[in-house]
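Residue-level structure breakdown
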Amino acid sequence: MKKLLFWIWQWTWGLPQTLIGFIVFLVCHKCPHSTYRGCIVTHWGNRGSLGMGMFLFLGCEDPQVRVHEFGHSVQSLILGPLFLPVMGIPSFLWCNLPPCRRLRKEKGISYYSFYPESTANCLGSWASGEECKL
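The model shown is predicted, which means the values in this text are computed figures rather than measured ones. (Residues numbered from 1 in each chain as written. Predicted model: local features only at pLDDT ≥ 70, side-chain atom pairs only at ≥ 80, totals over all residues. Heavy atoms only, no water.)

1. A closer look at the sheet that holds strand β1 (residues 33-36)
To keep things clear, this is the line we draw: Strand pairing requires that DSSP identify at least two bridges connecting the strands. Numbered from the N terminus, helices here are DSSP runs of H or I no shorter than four residues, and strands are runs of E no shorter than two. Axes, fitted as lines to C-alpha atoms, cover a helix only where it is in contact. Angles between the N-to-C directions of the axes lie from 0 to 180 degrees.
What the four strands build is an open sheet, ordered β1-β2-β4-β3; its pairing is mixed. Lying at the two open borders of the sheet, with one neighbouring strand each, are β1 and β3 (50-52). Going from strand to strand, the sheet's axes swing by 25 degrees on average, the running direction of each strand aside. Of the strand pairs in this sheet, β1 and strand β2 (residues 39-43) are connected by four bridges, and their pairing is antiparallel. Looking across to β2, one finds that threonine 35 is bridged to isoleucine 40.

In structure tokens form, the structure reads like this:
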């Protein structure tokens, strides 16, 4: 029952990011898949990791990364259509913009110190009961 409610919530309240996740899932249909706490997990190799609604895309097999990406799924449950502007886009920019990469490298700032990432760690740990020390 919980899994069904999770899916319904993600496909309604969290529709924008879940739809993006579904499209990426379709593009990566040949990659291996599994499930984790109601999420569909795609193991897509060395491309980094991403959480979009109920779809998690993992670039490695680190359980802490899985919990972190699940935390983004929990953010989606809480924020719904606000997830992308409040968490998703800032997270994407923090990860990919050259000035942000340079800042992290030059100042020794952890990628996970930025609010979308630290919140994902906390929420993922809380909701899964698994530790996330990223």
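Anyway, onward from the coordinates.
2. Quick word on the layout of surface pockets
This is how it is decided: In the cavity and pocket records, a cavity denotes points on a 1 Å grid over the protein atoms alone where a 1.4 Å probe fits but cannot get out, a pocket denotes an open set with protein on both sides within 12 Å along at least 5 of 7 lines, and lining residues are residues with an atom within 4 Å of a point. Grid points are joined across faces, edges and corners, and a volume is the space filled by probe spheres set on the points. Only Asp, Glu, Lys and Arg are considered charged, only Ala, Val, Leu, Ile, Met, Phe, Trp, Tyr, Cys and Pro nonpolar, and every remaining residue, Gly among them, polar.
If you add up the space inside the largest pocket, you get close to 430 Å³. Lining the largest pocket we find 22 residues, and of these Ser49, Leu50, Glu69, Cys95 and Tyr111 sit closest to its centre. Secondary-structure elements contributing two or more residues to the lining of the largest pocket are β3, α3 (63-79) and α4 (83-96). When grouped by side-chain class, the residues that make up the lining of the largest pocket number 11 nonpolar, eight polar and three charged.

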